[in-house]
Structure formats: C-alpha cells, structure tokens
Amino acid sequence: MSVLIIVEHDNQSLKSATLHAVTAARECGGNITLLVCGWQCEPVAQAAAKVAGVARVLVADAPCFADGLAENVAAQVVTLAGAFSHVMATATATGKNVLPRVAALLDVAQVSEITRVVDAHTFERPIYAGNVIATVRSSDPIKVISVRATAFEAAPLEGGRALIETIAAVEDTGLSRLISRQTIASDRPELASARIVVSGGRGLGSGAHYAALLEPLADKLNAALGASRAAVDAGYVPNDYQIGQTGKVVAPELYIAVGISGAIQHLAGMKDSKVIVAINKDADAPIFSVADYGLVGDLFEVLPELVAQLG
Ligand SMILES: Cc1cc2nc3c(=O)[nH]c(=O)nc-3n(C[C@H](O)[C@H](O)[C@H](O)COP(=O)(O)OP(=O)(O)OC[C@H]3O[C@@H](n4cnc5c(N)ncnc54)[C@H](O)[C@@H]3O)c2cc1C
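This report concerns the structure included in the present document. (Residues numbered from 1 in each chain as written. Predicted model: local features only at pLDDT ≥ 70, side-chain atom pairs only at ≥ 80, totals over all residues. Heavy atoms only, no water.)

### Points about the packing of helix α3 (residues 70-81) against helix α4 (residues 93-106)
Consideration 1: In contact at an axis separation of 9 Å, α3 and α4 are set at 45 degrees when each is read in the N-to-C sense. By the criterion of interaxial angle, the relationship of α3 to α4 is oblique. The handedness of the crossing between α3 and α4 is right-handed. Contacts between α3 and α4 involve Ala70, Glu71, Val73, Ala74, Val77, Val78 and Ala81 from the former and Asn97, Val98, Arg101, Val102, Leu105 and Leu106 from the latter.
Consideration 2: Its residues placed into classes, the contact of α3 with α4 shows ten nonpolar, one polar and two charged. (Axes fitted to C-alpha atoms, helices over the stretch in contact; angles between N-to-C directions. Helix = DSSP H or I, 4+ residues; strand = E, 2+ residues; numbered from the N terminus. Parallel < 35°, antiparallel > 145°, perpendicular 65-115°, else oblique. Left-handed = near helix turned anticlockwise from the far one by under 90°. Contact = heavy atoms within 4.5 Å. Nonpolar A, V, L, I, M, F, W, Y, C, P; charged D, E, K, R; others polar.)

### Some details on the site of the ligand
Consideration 1: Surrounding the ligand, one finds 25 residues, the nearest of these being Ser228, Thr246, Ser261, Gln265 and Asn280.
Consideration 2: Out of a free accessible area of 990 Å², the ligand has 76% covered by protein chains.
Consideration 3: The pocket occupied by the ligand, as judged from atoms lying within 2 Å of grid points, is the second largest pocket.
Consideration 4: For the shell around the ligand, the elements supplying multiple residues, two or more each, are α6 (229-233), α7 (264-267) and α8 (299-309).
Consideration 5: The class makeup of the residues in the shell around the ligand is six nonpolar, 14 polar and five charged. (Near = heavy atom within 4 Å. Areas by Shrake-Rupley, 256 points an atom, 1.4 Å probe, with all protein chains shown as cover. 1 Å grid on protein atoms, 1.4 Å probe; cavity = no way out; pocket = protein on both sides within 12 Å on 5 of 7 lines; lining within 4 Å. Sits in = over half its atoms within 2 Å of the grid points.)

### What to know about the packing of helix α5 (residues 207-221) against α8
Packed helices, taken two at a time, are described by the angle their axes make and the gap between the axes.
Consideration 1: In contact at an axis separation of 9 Å, α5 and α8 are set at 30 degrees when each is read in the N-to-C sense. Of the possible angle classes, the one that applies to α5 and α8 is roughly parallel. Here α5 runs over α8; the crossing is left-handed. The segment α5 lies against α8, with His209, Leu213, Leu214, Pro216, Leu217 and Lys220 engaging Leu299, Phe300, Leu303, Pro304, Leu306 and Val307.
Consideration 2: Split by residue class, the contact of α5 with α8 holds ten nonpolar, one polar and one charged.

### Side note on α4
Consideration 1: Between its first and last C-alpha, α4 extends 21 Å over 14 residues, near the 20 Å set by a 1.5 Å rise per residue.
Consideration 2: Buried within α4 are the following residues: Gly95, Val98, Leu99, Val102 and Ala103. Seen end-on, α4 carries its buried residues on one side only, within an arc spanning 135 degrees. Seen from the buried face of α4, the exposed residues on the opposite side, beyond 90 degrees, are Ala93, Ala104 and Leu105. (Expected span 1.5 Å × (residues − 1). Buried < 20%, exposed > 50% of the residue type's maximum accessible area, 1.4 Å probe, protein only. Arc of directions from axis to C-beta.)

### Quick notes on helix α2 (residues 42-50)
Consideration 1: Within the span of α2, buried status applies to Val44, Ala45, Ala48 and Ala49. Along the axis of α2, the buried positions cluster into a sector of 135 degrees, meaning they face one direction only.
Consideration 2: The inward-facing, buried residues of α2 contact β2 (31-38), β3 (56-61) and β10 (163-166).

Encoded structure:
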C-alpha cells in the first residue's frame, strides 16, 4: 500500500484537518506521502515533514497553486496518482472540492467521508444523514477517499522526519481564477476542531439575541459558536456557522444546543459529540433523544442564569 494525501494549507501553515487523514492512511498500512501544492509554501512543507508517520513530502511550488484552485491541484494529483494505491484528503470544503475531480480524471469511484478503515479496500461511511453505516469495498486500482475528520484522531504534529522532495508543477490549467475571498475574522476556536461548541437555533428569535445570549456563554467556556440551518437562513449568523448534513460535522467533547429542535439533518452534524446538552422549552423536541443532559425551559431565562453560575 502507498497513500498520497493532499495537504490542506494556506501557504504558511498546515491545517490540522490533514492530520486526521494521516491517521486514516496509517490504518490502511503502507507508506504515506504528503503532497503540498502551494505558492511560496516552504513553511508548510517543513511542518508536513514533521508529522508522525509520514515517509515523504512532495512539494509543487508554483503561482498557479497560490489559491488552491481545484482544477490545478487535481491536475497535479493526477500526474502522481499512478504510483499510489490510495489518494486521500480530509472531507473539508477543500477536500470535497478537489477529490471528486481527481476520481473522475482517474476514472474511479470516490469513497466519500469514511468513518472507519476495515482494511485497505473496505471502509465504513455514513449514509442517509448518518442514520445508516454502509460498509463498502472498492475494487478500483487507485482508491480515492475522503476522510471524516471527527472519526479519526489527529496524527501528532511532531515525531516524523520525512524527506522533502520538490517536484515539477503542472502548467496552470487556466480554467478558473480566484476573484476575491471574504473571510470571517474570529478569535474563537475553529468550529470543526473546538473542544466545546455552543450552538443556537431558531428559538433565539434574532441575530441580536443570538449574540447577546450565546456569546457570553461561549466566552466563559472558550467555545466555538455554531448554528442550525434555520438560524443561518434567518440571517442570525453567517452560513459557515451551520452544523449538520449540509454544514459542518463536529464531534466536540461538549455540544450545547440552544433553541434547536434536533431535526435529523442537524443531528447528522453533531450526534457524535461526547456530551450533548440541550436547552429547549418543548419537552418533546427530538434533540432530547440524543441529549445526555436536557433542560426544558425558556432559553431567555435559562441562559443568563447559566452564564451567571459559571462565574
Ligand atoms: C436537504 C436538507 C438539508 C438540511 N441541512 C441542515 C443542516 O445542515 N443543519 C441544520 O441545522 N438543518 C438542516 N436542515 C434543516 C432542518 O430540517 C431543520 O429545518 C432545522 O435544523 C431546524 O432548525 P432549528 O432547530 O433551529 O429550528 P426549529 O425546528 O424551528 O426549532 C426551534 C426550536 O427552538 C425551541 N424554542 C423556541 N423558543 C424557545 C425558547 N424561548 N426557549 C427554549 N427553546 C425555544 C422550539 O421549541 C424548537 O424546538 C436541512 C434540511 C434539508 C431538507
């Protein structure tokens, strides 16, 4: 077995998402090679070489990779893939953008969002919004696999001493270019990797209430903030807060759901959290079926009290 992992980065630092794919790759066995496609991305290559369990880092450094455009990255991966039994990335927005293009160009079927490696050809993955686990076996010569980050521990950032090799970058495909990027600046922990997530739904009633009630709680707990789709659609918060089937999948140690009914599409994104706390005034809300601790009450009374109790 030999696994090629597409590294996620911003040309300066390695994104922790990649470390989860490294663990999944280790479970497949064999050699692990990390591929860094970037522009002036030397710090990323250095960090990648230190990741435990990695044998080799390939670096394609060229302006056409500056913005991580899927067309160019996929073209680079395809030039290398023939030497590998597996091509992997973590199932983030970036991984989901690049990998299916790679699979189509290689004429193989991608296996998406695996949650367990049974053996190097057989994998488990959730279907129907996480209500069924499918075990799938791939007979493709090159297995193109995206990895659900929350299902695999992050590989240690230290301990590896991989060789770094510079490779020739592909020509710019010229098919796309980045016009602009709007990023949301936040001092809070990143949602996908936070230890505690405080999440709000339609029950909050408005963006102003969301901010006034949930931010103090998140501040006390050093938590990331999340939301249901109803809260996003109503404009309380931007859509990268959304947790669920069509948003982010999280599995923090503590998930606090406030004014969220617990629709199956929402549960798909958070039901693997270690401890789930639900605050809802409707005792029959489905969220209570997955909650370890539930409080039936009006969030407008309960939350300020909770924050006060936290001191
Ligand atoms: C294809 C598809 C994909 C979807 N993807 C997602 C997804 O990724 N993520 C997602 O979240 N949803 C998703 N949805 C939407 C999902 O079906 C639900 O509509 C949504 O999750 C509901 O959000 P909510 O719980 O905030 O709102 P509601 O269902 O309206 O629930 C609000 C809750 O707040 C409680 N409440 C109201 N006032 C108070 C109060 N004062 N105190 C305490 N509790 C109160 C109510 O009792 C209620 O339980 C998807 C739907 C579809 C069809």
